[in-house]
Amino acid sequence: MRAFSSYDRTMTAIQMTEGKILPQILKFTFPLMLGNILQQTYSLIDAAIVGKMLGVNALAAVGASVSIVFLILGFCQGCCCGFAIPVAQKLGARDMPAVRRTIWAGLRISLYLSVVICIVTSLFCDKILAMMKTPQEIFDDAYSYLLITFISIPFTFFYNLFSYLLRALGDSRTPFYFLLLATVINIVLDIFFMGALGTGVGGAAVATLIAQAVSALFCYVYMKRHYPEANPFPDEKRFSWHLTGTLLWIGIPIGLQFSITAIGSIVLQTANNVLGPVYVAAYAAAARIKMFFFSPLESLGMALATFAGQNFGAVRKDRISAGTRISTLLVMVYSVTAFIIIYFCAAPIAQLFVSADEVEVIACTAKFLIITTAFFPLLGLLCVLRYSIQGCGFTALAMLAGVFEMVARTIVGIFGVPEWGYTAVCFGDPMAWIAANIFLVPAYMYVCSRLAKLKGPALHVE
């Protein structure tokens, strides 16, 4: 291992292994929350532009594949999150050569993985939509949107990877700035492609592709210039089977966690697609609004993953437990606030997506949102426990929680929707969150018992 050098002493990463916990978590969470809210705001605007400019069927075409997009892109995002966890742990242990080797190995794996996923999904795009029983009247638009989304996977993969790496180094602000840039580019191109050029829903996907590519490039250049931790020495670039295996062992389970969760969503959405374009459009709008209000919970969880990862590397078990308790209180306060807002504002928010005379779509959207946000305290607890477990490196346990979510949504989709229709669709997510927490609570207790026996860094990177 390379000796500690002056190059290592120029590190600019932010350490979260000392100091007051609440201010650190809030300071790190805030840019993440702004970034996630911004991303979901774009998603809302994107859907609103499609719905207002092109109509309910176009909105349904975009929404028809939302679960499969979550399946594929969620896997990519989960892998990126996993590749960054050892970076945070080694930063907490102040092993800078290992930090640099880990970053470089993550970049190499991501290149190969993203290209393979892009090719395979693009080849089977039409079969995927047919499998999901996409209505014929929206099939062509759904295909063009989904195909372009699949083609953009390498750009999306690297943007997420660079963002997670920066966060692992303690920088949650810079990814927000580049996300802001991507959002502006995306919205401008949306209006240009769909409005000026009349490209249809495919234009929305092209706009996202371009915005993600620009953001990924800017993130890479920034990280190379401002973080010496991201610039390995020549001998640190050598291929290591051990390091590659370590990253895949951590990253793949998190990616599968997202994908396994999405399988249940696909079953649920497939059942919803059979109900017709009105319910598909309502689901598309409601899913985006739900994700907007979910963003603060997700952001706090992501911050907690980095916090737990660094303190795991520094063997600060007391700080991990305290951070989890504080985060649980924060998510509960937010969950109650979100429900109150949705309860009174769901219908007016739904009217952002469709014209006021689409009464049935608006009513179905509001119904989904009110039922779902009533269970946000369970979702908040899920985020805290899952990300704490991930940050400590127990990614297989987090993946198993995804299995519980998948099973719950699948049961609702197969047995609930045929019996109770759209009402069952509205309860799909809450049932999944209940099932996941039934597993995560004892899983977190198990992790705590393992941490109590930890006397030194458990992750070795060669």
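Quick notes on the rules
- Residues numbered from 1 in each chain as written.
- Predicted model: local features only at pLDDT ≥ 70, side-chain atom pairs only at ≥ 80, totals over all residues.
- Heavy atoms only, no water.
- Helix = DSSP H or I, 4+ residues; strand = E, 2+ residues; numbered from the N terminus.
- Contact = heavy atoms within 4.5 Å.
- pLDDT = per-residue confidence, 0-100.
- Salt bridge = Lys/Arg side-chain N within 4 Å of Asp/Glu carboxyl O.
- Buried < 20%, exposed > 50% of the residue type's maximum accessible area, 1.4 Å probe, protein only.

Here we look at the side chain of S299
Stage number 1. On the secondary structure map, S299 appears in helix 12 (residues 277–313).
Stage number 2. With sequence-adjacent residues up to four places away left out, S299 is seen in contact with T29, L32, M33 and N36.

Description of the confidence of the model for the protein chain
Stage number 1. Of the residues in the protein chain, 88% have a pLDDT of 70 or more, and the chain-wide mean is 82.
Stage number 2. Within the protein chain, helix 17 (residues 422–426) carries the highest mean pLDDT (93), whereas helix 1 (residues 6–9) carries the lowest (40).
Stage number 3. Segment residues 1–11: pLDDT under 50, and 22 contacts once partners within four positions in sequence are set aside and those in other chains are kept.
Stage number 4. Low confidence marks residues 457–462, where pLDDT is under 50. Its contacts with residues over four positions away, or in another chain, come to 20 contacts.

Thoughts on the pattern of salt bridges
Two side chains that carry opposite charge are able to pair once their charged atoms sit near each other.
Stage number 1. Tallied over the entire structure, the rule returns five salt bridges.
Stage number 2. Salt-bridge contacts for D429 lead to K290; the nearest nitrogen and oxygen are separated by 2.7 Å. You can see D429 sitting in helix 18 (residues 428–452) and its partner K290 sitting in helix 12, a full 139 residues away along the chain. In this pair, the class of D429 matches that of K290, namely buried.
Stage number 3. The partner of D318 in a salt bridge is R316, and the shortest N-O contact between them spans 3.1 Å.
Stage number 4. Residue class for D318 comes out partly exposed when judged on its relative accessible area of 48%.
Stage number 5. A relative accessible area of 23% places R316 in the partly exposed class.

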